[in-house]
Amino acid sequence: MNFYESDPVLREILEEQLEPSLWPWADKQLKSFGEMCANEIDERAIYTDREGQPKLIKYNKMGEDISEVWVNEGYKQTVVDTYNQGIVGYIHKTIPELGRKGNYLYSYAQGYLLSQAEPGFYCPVTLTMATAYLIDHYADDQLKEKYLPHVLSTGETVLYEGATFLTERQGGSDVGANEVKAVPEGNHYKIYGEKYFASNAGTCGVAMVLARIAGSEEGTKGLSLFLVPWRNEDHSLNGIQIRRLKDKLGVRAVPSAEVEFNGAEAYLVGEADQGFYYLMEALNLSRVCNAVASIGIMRRAYSEAHDYAGKRRAFGHKLVNYPMIKDTLVRMSVKQEVELRTVFDMIQFFDEAARNPSTEKETTTAMNRLRIAIMKKETAEQAVHFAHESLEIHGGNGYIEDFVTPRLLRDAQVLTVWEGTANILGLEVLRLLHKYKAHEFFFQEMTQRLSFVQGLSNEVEMVTQEIKDLREWMNSILQKGTDAQTFYSKRMAERMAILYESVVALEAAGKGERHRIVAELYVHQAYADEESLDPPKSLQYSDVILHDHKVLS
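Residues numbered from 1 in each chain as written. Predicted model: local features only at pLDDT ≥ 70, side-chain atom pairs only at ≥ 80, totals over all residues. Heavy atoms only, no water.

An unreviewed UniProt entry lists the chain under the name Isovaleryl-CoA dehydrogenase, with Halobacillus mangrovi given as the organism. We quote the UniProt Cofactor (unreviewed entry) comment for the chain here in full: "FAD". UniProt lists a comment for the chain under the heading Sequence similarities (unreviewed entry), and it reads "Belongs to the acyl-CoA dehydrogenase family." (UniProt positions renumbered as here; feature names shortened; annotations may be inferred.)

What follows is the structure in structure tokens.
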């Protein structure tokens, strides 16, 4: 089994989007990584989830607080295998064989493959990506020289995984209520206080921590960003203690903790009053990671359901031969393929902006944030839905831990929460509409892209009508009071995501017959009134979508 070689849609996307100087190398690396994810990394993930979860060793034999986090040997090997592939490092540094840097597109392809096996570990990878971004873009030269090589390590030096600590007990999503303090001391600061949900605690080498310098104003404007080494040069803890590890429903591979800072040595990153805004930039990166993890879980859920339905017999026939099963699998296949294309379309725009933030225009900023918000929400919700559908196709077996389906469902559920719930993302969309009129840019882009689509005139007309209807509806909502706008914000985000995906599906329709069928099915599922067809469209095309699901044309 190889998650990469069995996914021709991913390979087609990467061949189109990666530069010619990067594609052959990336293709070779991803083949190797895809096989690793489908085999040994997946096997290690099973052990970690069931028996080898992180454990807090609070005290040593002398009763001293050492706050160490134990992780199993298989997990440690997955750390080595993944980071040495350059999932973080080659975004920022040169690939030795090529004499050039990689990019986020290559990294997110790795994340998509990894998340099919171990989405829990993709959380520490995400945090390390965010840490690398913040150090690379905003830390001074001295901090960069000391810490960045370790955060970007691909095996040539000691790896420092990263972490970003925002959440406090009284704050949660209300980051402006944060109370952790930073006190100046010589050329650095001392951090005091508690972070209530700190992922990768105990296994990170450095943490990026939001804290309030004494005398700063209240709210988010008074928050600064600090680099906090987890340990001192003598390997002793840097004024940090772990109170306890969280007992989570899923993603059990990542240790999430309550962390206390008792005079931890810390270094200011960037301008003192810009900490919240720096982390909001990193949050957009993390939201893309969240969407990538979601489509990875969707792919694994669909693959497991498809394979099981093709093997399991009931009442004398394979499950895949029953119309309702066919319909479910066709809908899953089409949705996952279109959502994969759309997420990587979003990544193309994000990649350029993330590597060159100083050149980003206001309209580009707005559109990037809008795409990320609507796609993070849609993919996270679909990951839960796909895990549920896969479990149901497995029947009673789907509820048994011998199968991967329970873990997929448990791991998927957190993706609707991390990096912003649907409510938070709805509010983000509203802010973008009011501050930038982002919806107007969005409708202009969708209309322009749709104008280049050849063929499928009926489906193009359906999507064109949705652009008109959605624009009118959103403009009417934006004339209403605050409560009404907030009430409808999630529905706005959902409809914009479906519209975006429809345009991407239609753009791909000219690549081959299967692409055309996928686009036709997707648009009809999204916008057509239910028709009494014989056979229904999903059954009419089921042989192409399911039996040839590894063939692109």
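The description of an aromatic ring pair uses the distance of the two centres, along with the angle that the planes make with each other. Counting across every chain of the model gives 16 aromatic pairs. Seen in terms of ring centroids, Y75 and F121 are 5.5 Å apart; in terms of plane orientation they differ by 85 degrees. Their pairing is edge-to-face. In this pair, Y75 is assigned in helix 3 (residues 73-83) and F121 in helix 6 (residues 119-138), connecting sequence segments 46 residues apart. With relative accessibility at 0%, the residue F121 sits in the buried group. Measuring from centroid to centroid gives 4.9 Å for F487 and Y488, while their planes differ by 85 degrees, and the two rings are edge-to-face. Residue F487 is classed as exposed on the basis of its relative accessible area, which comes to 62%. Among the residues examined, Y488 registers a relative accessible area of 30% and is labelled partly exposed. Following the ring pairs from residue to residue traces out a cluster consisting of W25, Y90 and Y106. (Phe/Tyr/Trp six-rings, centres within 6.5 Å; stacked < 30°, edge-to-face > 60°. Helix = DSSP H or I, 4+ residues; strand = E, 2+ residues; numbered from the N terminus. Buried < 20%, exposed > 50% of the residue type's maximum accessible area, 1.4 Å probe, protein only.)

Before going further, it helps to spend a moment on the nonpolar core. Counting 184 residues, the largest nonpolar core has Y108 and F344 as the members making the most contacts within it. With 18 residues, the top contributor of residues to this core is helix 8 (residues 275-311). Other than its neighbours up to four places away in sequence, F344 contacts L10, I13, L14, Q17, L105, Y108, A109 and I295. (Core = buried A, V, L, I, M, F, W, Y, C linked by side-chain atoms within 4.5 Å. Contact = heavy atoms within 4.5 Å.)

If you add up the space inside the second largest pocket, you get close to 830 Å³. Looking at the second largest pocket, it is lined by 29 residues, and the ones nearest its centre are L159, Y160, C204, G205 and R231. Sorting the residues of the lining of the second largest pocket by element identifies strand 2 (65-70), helix 3, helix 7 (141-151) and strand 11 (256-269) as the ones contributing at least two each. Top element by residues in the lining of the second largest pocket is strand 2. It accounts for 4 residues. Of the residues belonging to the lining of the second largest pocket, the class tally is 14 nonpolar, 8 polar and 7 charged. (1 Å grid on protein atoms, 1.4 Å probe; cavity = no way out; pocket = protein on both sides within 12 Å on 5 of 7 lines; lining within 4 Å. Points joined across faces, edges and corners; volume = space filled by probe spheres on them. Nonpolar A, V, L, I, M, F, W, Y, C, P; charged D, E, K, R; others polar.)

Every α-helix winds through 3.6 residues per turn, so residues three or four apart in the chain are directed the same way. Of all 10 residues that make up helix 1 (residues 8-17), 7 are buried, and the element is covered over most of its length. As for helix 1, its buried residues are in contact with helix 2 (23-50), helix 5 (104-115), helix 9 (323-355) and helix 16 (513-527).

Annotation of the chain at the domain level lists domain 1 (8-152), domain 2 (162-272) and domain 3 (438-552). Distance from the C-alpha centre of domain 1 to the C-alpha centre of domain 2: 22 Å. Our count for the domain 1 to domain 2 interface comes out at 2 salt bridges. The closest approach of N and O atoms between D49 and R252, which form a salt bridge, is 3.9 Å. Remark: the boundary between domain 1 and domain 2 carries 8 residue pairs in polar contact (both at pLDDT 80 or more). Of all elements in the fold, only helix 2, strand 1 (55-59), strand 2, helix 6 and helix 7 reach the threshold of two or more residues within the side of domain 1 that touches domain 2. Looking at the side of domain 1 that touches domain 2 element by element, the count peaks at 12 residues for helix 6. Among the residues making up the side of domain 1 that touches domain 2, the classes are represented as 19 nonpolar, 6 polar and 7 charged. (Domains from an automatic or database assignment. Salt bridge = Lys/Arg side-chain N within 4 Å of Asp/Glu carboxyl O. Polar contact = N/O pair within 3.5 Å; in protein donor to acceptor, adjacent residues only side chain to side chain.)

Another aspect to go through is the UniProt feature "domain: Adaptive response protein AidB N-terminal" (unreviewed entry) in the chain. UniProt records the feature "domain: Adaptive response protein AidB N-terminal" (unreviewed entry) for residues 2-154 in the present numbering. Note that residues 2-154 is 63% helix and 10% strand, and that its end C-alpha atoms are spaced 23 Å apart.

Further remarks concern unusual backbone geometry. Backbone geometry at S67 places phi at a positive 40 degrees, although glycine is not the residue there. Secondary-structure assignment places S67 in strand 2. In this structure S67 comes out as buried when scored by relative accessible area, which is 1%. A positive phi is found at F315, a non-glycine position, where the angle reads about 55 degrees. With respect to the secondary-structure elements, F315 resides in the loop between strand 12 (313-314) and strand 13 (317-318). Judged by relative accessible area, which is 81%, F315 ranks as exposed.

Our next topic: empty space enclosed by the protein. What the rule picks out here adds up to 4 cavities of 30 Å³ or more. Put simply, the largest cavity is a space of about 80 Å³. Lining the largest cavity are 10 residues, with V9, R299, S333, Q336 and E337 positioned closest to its centre. Counting only elements with at least two residues in the lining of the largest cavity, the list comes to helix 8 and helix 9. If one sorts the elements of the lining of the largest cavity by residue count, helix 9 sits on top with 4 residues.

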